[in-house]
Amino acid sequence: MIPVEDTYRHKGLRKKLVDTIQQKGIEDKKLLNAINSIPRHYFLDSAFDDIAYEDRAFPIGEGQTISQPYTVAYQTQLLEISPFEKILEVGTGSAYQACVLAEMGVKVFTIERQKKLFNLTKNFTYLKKYKNIKFFYGDGYEGLPTFAPFDKILITAAAPEVPKKLLLQLKVGGIMVLPLGEGSVQQMMRITKLENDALKEEVFDNFSFVPMLLGKKN
Ligand code: SAH
């Protein structure tokens with residue numbers, strides 16, 4: 001991951017990507033600005049430099065992917081974030097999603113279960129500018145009890161069921177967004193934690209994520 005230059009060409013392609021995402025129904029201006037300001041090509045192998053601004057997912061090694069920008073935007077919009085909130089992200093992957101959140105002025109706690117991917121984020125110079133992202137190597141099913149409760153929780157891998165321990169780490173009034181399902185296609189869910197352990201569940205569009213797996217991987 002060598003931070004190549006962010007040229008006018010990259011910036012132009014990025015603006016087009018933002019227009020595409022906007023046309024697909026993403027309206028949050030802060031979110032669109034965040035996508036417009038993050039050089040997505042930094043997060044991909046330089047072999048993908050030319051196509052980094054297409055609205056599609058890419059392999060990032062270890063059988064994992066950097067999500068499609070539209071998917072990143074879709075999940076982020078559902079979180080309805082406000083500045084200074086505390087957000088837990090499960091599935092750091094490339095850290096692109098974490099940066100989108102960080103650009104929007106929240107405090108991000110992100111967990112990755114794969115040591116190799118976690119180590120890549122450690123050595124990725126671009127990420128040093130985000131003092132508001134904390135990276136953790138661990139199992140997202142466990143969450144981060146030490147830092148709980150969170151205002152919002154975002155799961156960026158397909159969960160077979162709603163992770164119970166994560167619900168406990170969500171504030172009352174807090175929101176969890178996750179792709180739910182075991183098959184190749186999942187339903188995007190938004191769960192709002194209400195008083196007395198009640199939950200409000202809303203179902204959105206179908207997406208296809210890599211699975212949320214149990215335990216850590218060395
Ligand atoms: N948010 C990422 C998308 C990564 S894909 C991005 O912006 O690039 C999903 C990631 O979730 C993968 O890196 C995968 O290793 C990770 N993952 C899967 N199960 C997990 C778990 N239980 N805890 C933490 N991370 C997990």
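Here, every reference points to the structure presented above.
In this text the structure is predicted, and so the values were computed from the model without any measurement.

What counts, and at which threshold
Residues numbered from 1 in each chain as written. Predicted model: local features only at pLDDT ≥ 70, side-chain atom pairs only at ≥ 80, totals over all residues. Heavy atoms only, no water. Patch = residues over 30% accessible without salt bridge, like charges linked within 9 Å, V, L, I, M, F, W, Y side chains within 5 Å. Areas by Shrake-Rupley, 256 points an atom, 1.4 Å probe, with all protein chains shown as cover. Salt bridge = Lys/Arg side-chain N within 4 Å of Asp/Glu carboxyl O. Lys, Arg positive; Asp, Glu negative; His and termini not counted. Charge placed at Lys NZ, Arg CZ, Asp CG, Glu CD. Helix = DSSP H or I, 4+ residues; strand = E, 2+ residues; numbered from the N terminus. Buried < 20%, exposed > 50% of the residue type's maximum accessible area, 1.4 Å probe, protein only. Near = heavy atom within 4 Å. Polar contact = N/O pair within 3.5 Å; in protein donor to acceptor, adjacent residues only side chain to side chain. Contact = heavy atoms within 4.5 Å. Pairing = 2+ DSSP bridges. Axes fitted to C-alpha atoms, helices over the stretch in contact; angles between N-to-C directions. Parallel < 35°, antiparallel > 145°, perpendicular 65-115°, else oblique. Left-handed = near helix turned anticlockwise from the far one by under 90°. Nonpolar A, V, L, I, M, F, W, Y, C, P; charged D, E, K, R; others polar. Right-handed = clockwise from strand over helix to strand, strands pointing away.

Q: Describe in detail a positive patch on the surface, supporting the description with residues and values.
A: Taken together, the side chains of Lys107, Lys122, Lys128, Lys131 and Lys134 define a basic patch exposed on the protein surface. By the secondary structure assignment, Lys122 is in helix 5 (residues 115–122). On the basis of relative accessibility, which here comes to 45%, the residue Lys122 falls in the partly exposed class.

Q: Tell me about unusual backbone geometry, and name the residues and values.
A: Residue Pro149 is reached from Ala148 by a cis peptide bond, and omega for that bond is 0°. On the secondary structure map, Pro149 appears in the loop between strand 5 (133–137) and strand 6 (150–155). Of note, the phi angle at Glu80 is positive, near 45°, even though the residue is not glycine. With relative accessibility at 49%, the residue Glu80 sits in the partly exposed group. Despite not being glycine, Asp197 shows a phi value in the positive range, around 60°. With relative accessibility at 67%, the residue Asp197 sits in the exposed group.

Q: Got a sec to walk through the site of the ligand? Specific residues and values, please.
A: Residues in contact with the ligand amount to 27 residues; listed here are only the nearest, Glu89, Ser94, Glu112, Gly140 and Leu213. With respect to the ligand, the side chain of Glu112 contributes an N or O atom lying 2.6 Å from an oxygen atom. Between Arg113 and the ligand, the recorded distance is 3.3 Å, taken from a backbone N or O atom to a nitrogen atom. Of all the secondary-structure elements, those providing two or more residues to the shell around the ligand are strand 2 (64–66), strand 3 (86–90), helix 4 (96–103) and strand 4 (107–112). If one sorts the elements of the shell around the ligand by residue count, strand 2 sits on top with three residues.

Q: If you had to explain the side chain of Asp55 to someone new, which residues and values would you point to?
A: Among the secondary structure elements, Asp55 is positioned in the loop between helix 2 (29–37) and strand 1 (58–61). A polar side-chain atom of Asp55 sits 2.5 Å from a polar atom in the side chain of Lys24. Ignoring sequence-local partners within four residues, the contact set of Asp55 consists of Leu17, Thr20, Lys24, Gln68, Pro69 and Tyr70.

Q: Please set out the pairing of strand 8 (residues 186–193) residue by residue, giving values where relevant.
A: For strand 8, a buried count of seven out of eight residues is recorded, marking the element as mostly surrounded by other parts of the structure. The sheet contact formed by strand 7 (residues 170–180) and strand 8 spans six bridges and is antiparallel. In the strand pairing of strand 8, Leu180 is matched with Gln187. Here strand 7 folds back onto strand 8 in antiparallel fashion, the turn holding five residues, of which Gly181 has a positive phi close to 145°. As defined by bridge partners, strand 8 adjoins strand 9 (residues 199–207) across seven bridges and the pair is classed as antiparallel. In the strand pairing of strand 9, Lys193 is matched with Leu199.

Q: Explain the environment of Leu120 to me, using residue names and the numbers behind them.
A: Within the element layout of this structure, Leu120 appears in helix 5. Remark: the alpha-carbon pair of Leu120 and Ser94, spanning 26 residues in sequence, is separated by 8.2 Å.

Q: Let's hear about the packing of helix 1 (residues 8–23) against helix 2: which residues, and what values?
A: Direction vectors running N to C along helix 1 and helix 2 enclose 150°, while the axes themselves pass 9 Å from each other. Considered as vectors, helix 1 and helix 2 are oriented roughly antiparallel to each other. Where helix 1 crosses over helix 2, the two elements pack in a sense that is right-handed. Across the interface between the two elements, Arg14, Lys15, Leu17, Val18, Ile21 and Gln22 of helix 1 pack against Lys29, Leu32, Ile35, Asn36 and Ser37 of helix 2. Taken together, the residues of the contact of helix 1 with helix 2 break down into five nonpolar, three polar and three charged.

Q: Please provide a residue-by-residue account of the pairing of strand 5, values included.
A: Relative to strand 5, strand 4 runs parallel, the two sharing five bridges. Bridge pairing in strand 5 places Phe109 opposite Lys134. Crossover handedness for the path strand 4 to helix 5 to strand 5: right-handed.

Q: Please give an account of the environment of Ser94 that cites residues and values.
A: Examined against the element boundaries, Ser94 turns out to sit in the loop between strand 3 and helix 4. Placed 97 residues apart in sequence, Ser94 and Ile191 show a C-alpha to C-alpha distance of 25 Å. When sequence neighbours within four positions are dropped, the list of residues in contact with Ser94 reads Phe43, Ile60, Ile66 and Phe124. Here Tyr96 takes part through its backbone nitrogen, which lies 3.2 Å from a polar atom of the side chain of Ser94.

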